[in-house]
Amino acid sequence: MSTDAARTHLLIGLTGGIGSGKSTVAALFAQLGVRIIDTDELSRNLTQSGGAAIAAIRAAFGAEYIDASGALDRSKMRARVFSNPAEKARLEAILHPAILEQVKRLAANPTAAPYTVAVIPLLFQISGYRDWLQLTLAVDCPEDTQIARTMQRSGLSKPEVQAIMAQQTPRPQRLQLADDVIHNDADLSALTEQVAQLHKRYLTITAGSD
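Here the structure is a predicted model, which is why all the values come from computation and not from measurement.

Structural notes on the packing of aromatic side chains
Phase 1: Tallying each qualifying case throughout the model produces 4 aromatic pairs.
Phase 2: In this structure, Arg 90 is placed above the aromatic ring of Phe 61, and the distance from its NZ or CZ to the ring centre is 4.6 Å.

Right, here's the structure in full:
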């Protein structure tokens, strides 16, 4: 957590493993009037037709990784980088700094929201976020639940989901690093209540009385 007391607008990083429920939690915060910045959405914008990262990706990997519409061919790129750490690092070196720059720019924009939550799946794996954010929040659930949810929504096989999880921050480390944890292992009402309680806490911090 940053100790920069000069900031007046609270910045919170929301993270969690695949299938943990980050999007649902972000939506619940949004319903409470919180500003949400989604790094996955920013990544899609950077790699869509006309996106700011397309030229660099074409130069680094070749035109065959850009589809007919001018967007990143995600399936082809996924196949190239998934089991090749060096190639994955090349792609991340293009995308991650650009995403961080956009997150900071958006967070600096004036807002009537009481605070900002940035959804960052790889928060603890990418440099530049933790020193900038004031709080980090992890959404957590059992790994079997992560696997089942991801298989259901994506059609991926269990080994494919497990391979993705293996590339993410290990669950024990994520829980240790996070300032706050939301447990998404029950129903939506339980999740909603946890978000409401954290919202009260964050409002208190924002008011400067915590």
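Description of the environment of Ser 127
Phase 1: Along the chain, Ser 127 falls in the loop between strand S3 (115-119) and strand S4 (135-140).
Phase 2: Spatially, the C-alpha atom of Ser 127 lies 9.2 Å from that of Pro 97, the residues being 30 residues apart in sequence.

Examining the pattern of salt bridges
Phase 1: Enumeration according to the criterion identifies 5 salt bridges in this entry.
Phase 2: Arg 90 is paired through a salt bridge with Glu 87; the nearest N and O atoms lie 3.0 Å apart. In this pair, Arg 90 and Glu 87 both sit in helix H5 (residues 85-108), 3 residues apart, roughly one turn of the helix.
Phase 3: Since its relative accessible area comes to 32%, Arg 90 is described here as partly exposed.
Phase 4: A salt bridge links Arg 171 to Asp 140; the shortest N-O distance between them is 2.7 Å.

What about the sheet that holds S4?
Phase 1: The strand order across the open sheet formed by 5 strands is S2-S3-S1-S4-S5, and the pairing between neighbours is parallel. The sheet is open, and its two borders are formed by strand S2 (35-38) and strand S5 (180-183), each paired with just one other strand. Across the sheet, the mean angle from the axis of one strand to that of its neighbour is 25°, orientation sign disregarded.
Phase 2: Sheet topology note: the S4/S5 ladder contains 4 bridges and is parallel. When the bridges of S5 are listed, Val 139 appears paired with Ile 182.

Comments concerning the environment of Thr 192
Phase 1: If you trace the backbone, Thr 192 turns up in helix H9 (residues 188-207).
Phase 2: On the basis of relative accessibility, which here comes to 35%, the residue Thr 192 falls in the partly exposed class.
Phase 3: Taking the C-alpha atoms as reference points, Thr 192 and Ile 126, 66 residues apart in sequence, are found 29 Å from one another.

Let's talk about H5
Phase 1: Helix length check: H5 (24 residues) gives 33 Å between terminal C-alpha atoms against 34 Å at 1.5 Å per residue, within 8%.
Phase 2: The sharpest bend along H5 comes to roughly 35°, located at Glu 92.
Phase 3: Of all the residues in H5, the buried ones are Glu 87, Leu 91, Ile 94, Leu 95, His 96, Ile 99, Leu 100, Gln 102, Val 103 and Ala 107.
Phase 4: Residues of H5 that are buried in the fold lie against strand S1 (10-16), S2, helix H2 (39-47), helix H3 (54-61), helix H4 (74-81) and S3.

A closer look at the pairing of S4
Phase 1: Burial of S4 is extensive: 6 of the 6 residues sit out of reach of the surface.
Phase 2: The two faces of S4 match: Leu 135, Leu 137 and Val 139 on one face and Thr 136, Ala 138 and Asp 140 on the other face are all buried.
Phase 3: Alignment of S1 against S4, held across 5 bridges, turns out to be parallel. If you follow Ile 12 over to S4, its bridge partner there is Leu 135.

As for the environment of Asp 38
Phase 1: Within the element layout of this structure, Asp 38 appears in strand S2.
Phase 2: Spatially, the C-alpha atom of Asp 38 lies 26 Å from that of Asn 84, the residues being 46 residues apart in sequence.

Looking at H2
Phase 1: Of all the residues in H2, the buried ones are Thr 39, Leu 42, Ser 43, Leu 46 and Thr 47. Seen end-on, H2 carries its buried residues on one side only, within an arc spanning 125°.
Phase 2: For H2, the elements touching its buried residues are S2, H3, H4, H5 and S3.
Phase 3: Structurally, the start of H2 carries an N-cap: the backbone nitrogen of Asp 40 is 2.9 Å from a side-chain oxygen of Asp 38.

Quick notes on the rules
- Residues numbered from 1 in each chain as written.
- Predicted model: local features only at pLDDT ≥ 70, side-chain atom pairs only at ≥ 80, totals over all residues.
- Heavy atoms only, no water.
- Phe/Tyr/Trp six-rings, centres within 6.5 Å; stacked < 30°, edge-to-face > 60°.
- Lys NZ or Arg CZ within 6 Å of the ring centre and 35° of its normal.
- Helix = DSSP H or I, 4+ residues; strand = E, 2+ residues; numbered from the N terminus.
- Salt bridge = Lys/Arg side-chain N within 4 Å of Asp/Glu carboxyl O.
- Buried < 20%, exposed > 50% of the residue type's maximum accessible area, 1.4 Å probe, protein only.
- Pairing = 2+ DSSP bridges.
- Axes fitted to C-alpha atoms, helices over the stretch in contact; angles between N-to-C directions.
- Expected span 1.5 Å × (residues − 1).
- Bend = angle between axes of the 7 residues up to and from the residue.
- Contact = heavy atoms within 4.5 Å.
- Arc of directions from axis to C-beta.
- Polar contact = N/O pair within 3.5 Å; in protein donor to acceptor, adjacent residues only side chain to side chain.

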